[in-house]
Amino acid sequence: MEKEETLERFYKDILGKESSLLDNDTKQFNLFSFEDCIDPLVIKYRRRDFYKVTLLKGRSIIHYSDQSLEAEGTTLAFFSPEIPYTIEMPDNTLQGQYFIFRAPYFNEHYRQDIRELPLFTPGFKPIYILNKIQEKKIIQFFNKMQTELLSDYKFKHDLIRNQISEIIHFAQKLQPAQTFYEQIDANVRITSVFNQLLDLQFPIEPEHNRLEMRSPRDYAEKLYIHVNHLNHALKTTTGKTTTVLISARIINEAKILLKHSHYNITEISRSLGFDDPTHFGHFFKKQTGQPPSAYRI
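The notes below deal with the structure included here. Within any chain, residue numbers begin from 1 and follow the written order of that chain's sequence. Per-residue local features of the predicted model are confined to residues with pLDDT of at least 70, and side-chain atom pairs are confined, for both listing and counting, to 80 or more; whole-chain, interface and lining totals are unaffected and use all residues. Excluded from the side-chain calculation are hydrogens and water; included are all heavy atoms of the structure.

### Quick look at the overall build of the protein chain
What counts is decided by this rule: The way it works is that DSSP assigns letters per residue, a run of H or I at least four long becomes a helix, a run of E at least two long becomes a strand, and they are numbered from the N terminus. Each residue is placed in one exposure class: buried if its accessible area under a 1.4 Å probe, protein chains only, is under 20% of its type's maximum, exposed if it is over 50%, and partly exposed if it falls in between. Here, residues are in contact when the closest pair of their heavy atoms is within 4.5 Å. Using a 1.4 Å probe, the Shrake-Rupley method yields the accessible areas, and only the shown protein chains count as cover for residues.
Within the protein chain, the regular secondary structure consists of 11 helices and eight strands. Within the protein chain, buried positions represent 46% of all 297 residues. A fraction of 71% describes how many contacts in the protein chain between residues 6 or more apart in sequence connect residues 24 or more apart. By element, 48% of the accessible surface of the protein chain is carried by carbon and sulfur atoms, the whole surface being about 15200 Å².

### A short note on a nonpolar patch on the surface
To keep things clear, this is the line we draw: A patch is a set of surface residues, each over 30% in relative accessible area and not in a salt bridge, joined within 9 Å for like charges and within 5 Å for the nonpolar side chains Val, Leu, Ile, Met, Phe, Trp and Tyr. Here, a salt bridge means any side-chain nitrogen of Lys or Arg that lies within 4 Å of a carboxyl oxygen of Asp or Glu.
On the surface, Y153, F155 and L159 cluster together to form a nonpolar patch covering roughly 280 Å² of accessible area. Structurally, the position occupied by Y153 is in the loop between α4 (132-149) and α5 (156-172). By relative accessible area, which is 44% here, Y153 ends up partly exposed.

### Observations concerning the packing of helix α6 (residues 186-199) against helix α8 (residues 227-238)
For the record, the criterion: Lines fitted to C-alpha atoms define the axes here, with helix axes fitted over just the stretch in contact, and angles between the N-to-C directions of these axes take values from 0 to 180 degrees. When an angle is under 35 degrees it counts as roughly parallel; over 145 it counts as roughly antiparallel; between 65 and 115 it counts as roughly perpendicular; any other value is oblique.
Axis separation between α6 and α8 bottoms out at 8 Å; the angle between their running directions is 100°. Here α6 is positioned roughly perpendicular relative to α8, judged by the angle of their axes. Residue-level inspection shows N187, V188, I190, T191 and F194 of α6 in contact with α8, the latter providing H229, L230, H232, A233, L234, T236, T237 and T238.

### Looking at the packing of α6 against helix α7 (residues 216-223)
Test applied: Handedness of each helix crossing follows the sense of rotation of the near helix against the far helix: counterclockwise by less than a right angle gives left-handed, clockwise gives right-handed. Each residue is assigned to one of three groups, with Ala, Val, Leu, Ile, Met, Phe, Trp, Tyr, Cys and Pro labelled nonpolar, Asp, Glu, Lys and Arg labelled charged, and all others, Gly among them, labelled polar.
The N-to-C vectors of α6 and α7 enclose an angle of 115°; their axes lie 11 Å apart at closest approach. Our pair here, α6 against α7, has a crossing hand that is right-handed. In this structure, α6 contributes I190, V193, F194, L197 and L198 to the contact, and α7 contributes Y219, K222 and L223. Split by residue class, the contact of α6 with α7 holds seven nonpolar, no polar and one charged.

### Re the nonpolar core
Buried together is how nonpolar side chains tend to be arranged in soluble globular proteins. Under the convention used in this document: We define a nonpolar core as any set of buried Ala, Val, Leu, Ile, Met, Phe, Trp, Tyr and Cys residues linked to one another through side-chain atoms lying within 4.5 Å.
Judged by nonpolar contacts, the single largest core of 33 residues is most densely connected at F194, Y219, L223, L230, I250 and L272. Secondary-structure elements contributing two or more residues to this core are α6, α7, α8, α9 (242-260) and α11 (277-288). Broken down by element, the residue count for this core peaks at seven residues, all from α9. Discounting chain neighbours no more than four positions away, the residues touching L223 are Y45, I190, V193, F194, L197 and L230. If you look at the next biggest cluster of nonpolar residues, it comprises 28 residues, including L119, Y128, M145 and I164.

### Re the pattern of salt bridges
Enumeration according to the criterion identifies eight salt bridges in this entry. Of the charged contacts in the structure, one is a salt bridge between D49 and R102, with a shortest N-O distance of 2.9 Å. Pair noted here: D49 is in the loop between β3 (47-48) and β4 (51-64) and R102 is in the loop between β7 (95-101) and α3 (103-107), with a separation of 53 residues, a long-range link. Take D49: its relative accessible area is 22%, and that puts it in the partly exposed class.

### Observations concerning α4
Rules: For a helix, the expected span equals 1.5 Å multiplied by the residue count minus one. This arc describes the spread of directions from the helix axis toward the C-beta atoms. For the purposes of these results, a polar contact is taken to be a pair of N or O atoms within 3.5 Å, where, inside protein, one atom must be able to donate a hydrogen and its partner to accept one; residues adjacent in sequence count only when each atom of the pair is a side-chain atom.
Between its terminal C-alpha atoms α4 stretches 26 Å, which fits the 26 Å expected from 18 residues at 1.5 Å a residue. Regarding α4, the residues found buried are Q134, E135, I138, F141, F142, M145 and L149. Looking down the long axis of α4, one finds its buried residues gathered within 125° of arc, a one-sided arrangement. Across α4 from its buried face, at more than 90 degrees, point the exposed residues K132, I133, K136 and T147. Elements in contact with the buried residues of α4: β2 (29-33), β4, β5 (67-79), β7, β8 (127-130) and α5. By the N-cap criterion, in which a side-chain oxygen at the helix start approaches the backbone nitrogen of a residue two or three places on, α4 is capped by N131, the distance to I133 being 3.1 Å.

Don't take any of this as a statement about function, it's just geometry.
See the structure below:
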């Protein structure tokens, strides 16, 4: 089970690009709009091995470590490799820009380690809701970085690093959005991220991918909480246990594959995490009252 997303994996999964095609500085730093992404609405809840600074527009819910912020308008968020996070867009639209960079890109040209900056210290919530004047200023910083990135100037990355520093210090002078944190019930937050993780497991294509997470413990580890905590949260919000919710989703996917695919039962069972087709048959019959063969068309 993947614990974090690397920059190389980001380029491959989100942008459909191989990092080997990029020069060294561009591997370490890049700037994008959400329109550049293959699937901008899929932002998995996990750690990354790079820093990310995001300018979001519209209604969003940011799950950051053990807290959540629901914001509307323009939000500036700083994400470090130390903290798992994800972003939800309830209206199914993701607008804005972001840039990513690894620590060496920044540290090699400044005396201070970026991890020592207040913005990235443990316990700090570096998320800011911007007014119109602040938004305009941040957009100017982003535009300057974009202009330099597209230029042929030999020392353009020195100027980009200066803009990163300007944004960091600009933000550190602002009041963080911690005072704006909605009191989103912790159980609701956990349920929301659990559902996202569950959704990302599907659909299954037996030739190309296999169900990675089948047990409640798998999901609890991804959420960095104890499995009993996860089960309590889901039971409170849905009335169902973690096992019941996972099993229902697996059964639903199994029915789809049995009815609408050419894969045989052995291939389907293995793709859903059952090494022994007999175990899959017992599981399926227990959940539905019928054997898998009954769902073949």
